[in-house]
Amino acid sequence: MIYFDNAATSFPKSPRAIAEATACMRTWCGNPGRGAHFLSRIASEKVYACRELLSDFLGLNAPERVVFTQNTTYALNMALKGALKHGAHVLCSELEHNAILRPLHALQQERDISFDTFPVVGRTHEQILQEITARIKENTAAVVCLHASNICSLSLPLAKIGTLCRSRGLLFMVDAAQSAGHLPIDMRAMQIDALAVPAHKGLLGIQGCGVLALGECISLSTLIEGGSGVNSLLRTMPEEFPERFEAGTLPVIAIAGLCGGISHVMELGLPEIEERANRLFFAARERIASLDGFEIYQPDTPGAVLLFNKIGIPSTEVARVLDKSGICTRAGLHCAPLAHQALGTPPGGAVRLGFGAFNTSAEVDVLWRVLRHEFC
Ligand code: PMP
């Protein structure tokens, strides 16, 4: 089996993530913050250690503002629905995933929020800033955008957008689903107010946990309420972070796995991970470009995702044939319909290769042989 669907979730999981999650289930899986006994205390300490690790890794320097969620989508919903007030205007890029577009659509219906998209494809960083600036209105409250696309290797200049947001008094919320564990993130230097991160993609952890990291200037209302383990007599959620935003039992096993995954990523080093992804991208690009009738989208921007089509054949059919040969890819629109439009793929979308920390160029060679055998 060759796994090129790491943009959906990484596989295989890091041996460290597996070891930490297993150790958690075997030895310390109490309910953190929910008892005075030693197993609950150990669980609290372990979970706090993971907050510290994330806080350092993301340049936040505030472990208590690392909030654990179920996944990136949940974290983005918390940020958008917690921060945006009635009648606000929001800017997002044309590359956004439905994890941002659908909550914004819901807020349009519920709170009369409006949003505009700014173009990214074919623009320089300076042009992207100009496109954002040109769309800022009196009631613009936030820029909400992804760091790296999930359908091609374009990424946005976060530090520059953060500076622009700060100078115009706008909140800056970022979807790091595809960049965490691939590209450097420094929330303070990039002036990010809210950052959504998955455990299960580039950070090599397991499914079941995501993160919403909150800068010091953002205030959010809660998305859900419930037990927090502290101040039980209060009718409302406590004011303290992170308890305010963590109603109910935490996904402790996935949090343990995330700790293991991050330590693996730190040992490999982001430069090495990025370089490996670029090498695989170029190898796949050369191989696919050598075949007749294939189209590659954004071929000049290297990175962890490569999008292609066999002209005239539905992407789902190409992915099905690859699957039969033991190669996992993902076809269609990848929950990013506007991004596909921006890249000019056909209505059926395209085939995505998502490279991960464990892929090799020998696997790219196998992909090429199968494509040549089946489609040329
Ligand atoms: N944003 C982007 C850019 C993504 O690629 C994804 C996952 N496909 C998400 C958000 C949602 O992530 P999750 O599945 O962790 O909720």
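Basis of the calculations
- Residues numbered from 1 in each chain as written.
- Predicted model: local features only at pLDDT ≥ 70, side-chain atom pairs only at ≥ 80, totals over all residues.
- Heavy atoms only, no water.
- Core = buried A, V, L, I, M, F, W, Y, C linked by side-chain atoms within 4.5 Å.
- Buried < 20%, exposed > 50% of the residue type's maximum accessible area, 1.4 Å probe, protein only.
- Helix = DSSP H or I, 4+ residues; strand = E, 2+ residues; numbered from the N terminus.
- Domains from an automatic or database assignment.
- Contact = heavy atoms within 4.5 Å.
- Near = heavy atom within 4 Å.
- Polar contact = N/O pair within 3.5 Å; in protein donor to acceptor, adjacent residues only side chain to side chain.
- Areas by Shrake-Rupley, 256 points an atom, 1.4 Å probe, with all protein chains shown as cover.
- Nonpolar A, V, L, I, M, F, W, Y, C, P; charged D, E, K, R; others polar.
- Lys, Arg positive; Asp, Glu negative; His and termini not counted.
- Salt bridge = Lys/Arg side-chain N within 4 Å of Asp/Glu carboxyl O.
- Buried area = accessible area lost by both parts, 1.4 Å probe.

As a further point, take the nonpolar core. Within the largest apolar cluster, 69 residues are counted, with the highest numbers of intra-cluster contacts made by Phe 68, Val 143, Leu 195 and Leu 258. Among the elements that line this core, the one with the most residues is helix H8 (residues 252-268), at eight residues. The residues that make up this core include at least three from each of domain 1 (2-10 + 270-375) and domain 2 (15-267). Discounting chain neighbours no more than four positions away, the residues touching Val 143 are Leu 91, Phe 118, Ile 132, Ile 161, Cys 165, Leu 170, Leu 171, Phe 172 and Met 173.

Further remarks concern the site of the ligand. Taken together, Asn 71, Thr 72, Thr 73, His 97, Ala 99, Asn 150, Asp 175, Ala 177, Gln 178, Pro 198, His 200 and Lys 201 make up all the residues around the ligand. Thr 72 places a polar side-chain atom, nitrogen or oxygen, 2.6 Å from an oxygen atom of the ligand. A distance of 2.5 Å is found between an oxygen atom of the ligand and a side-chain nitrogen or oxygen belonging to Thr 73. Relative to its free-state accessible area of 400 Å², the ligand is covered by the protein chains to the extent of 90%. Its residues assigned to classes, the shell around the ligand shows three nonpolar, seven polar and two charged.

Positionally, Glu 363 belongs in helix H12 (residues 361-375). No salt bridge is formed by the buried Glu 363; its nearest oppositely charged neighbour, Arg 276, is found at 7.1 Å. Once you skip the residues sitting within four places of it in the chain, Glu 363 turns out to touch Ile 2, Phe 4 and Phe 358.

Turning to the domain arrangement of the chain, a few remarks are in order. Considered domain by domain, the chain is made up of domain 1 (2-10 + 270-375) and domain 2 (15-267). The C-alpha-based centres of domain 1 and domain 2 are spaced at 28 Å. Listed by partner, the interface residues are 29 residues for domain 1 and 26 residues for domain 2. Together domain 1 and domain 2 conceal approximately 2,300 Å² of surface at their shared face, both sides included; 62% is due to carbon and sulfur atoms. Viewed at the interface, domain 2 and domain 1 are joined by zero salt bridges. In this structure, the connection of domain 1 to domain 2 is made through 13 residue pairs in polar contact (both at pLDDT 80 or more). Sort the elements by how many residues they give to the side of domain 1 that touches domain 2 and helix H11 (residues 337-343) lands first, with six residues.

For the rest of this paragraph, the subject is the side chain of His 200. Tracing the backbone through its elements, the reader meets His 200 in the loop between strand E7 (194-198) and strand E8 (210-214). The residues contacting His 200, other than those within four sequence positions of it, are Ala 8, Thr 9, Ser 10, Lys 13, Gly 205, Ile 206 and Gln 207.

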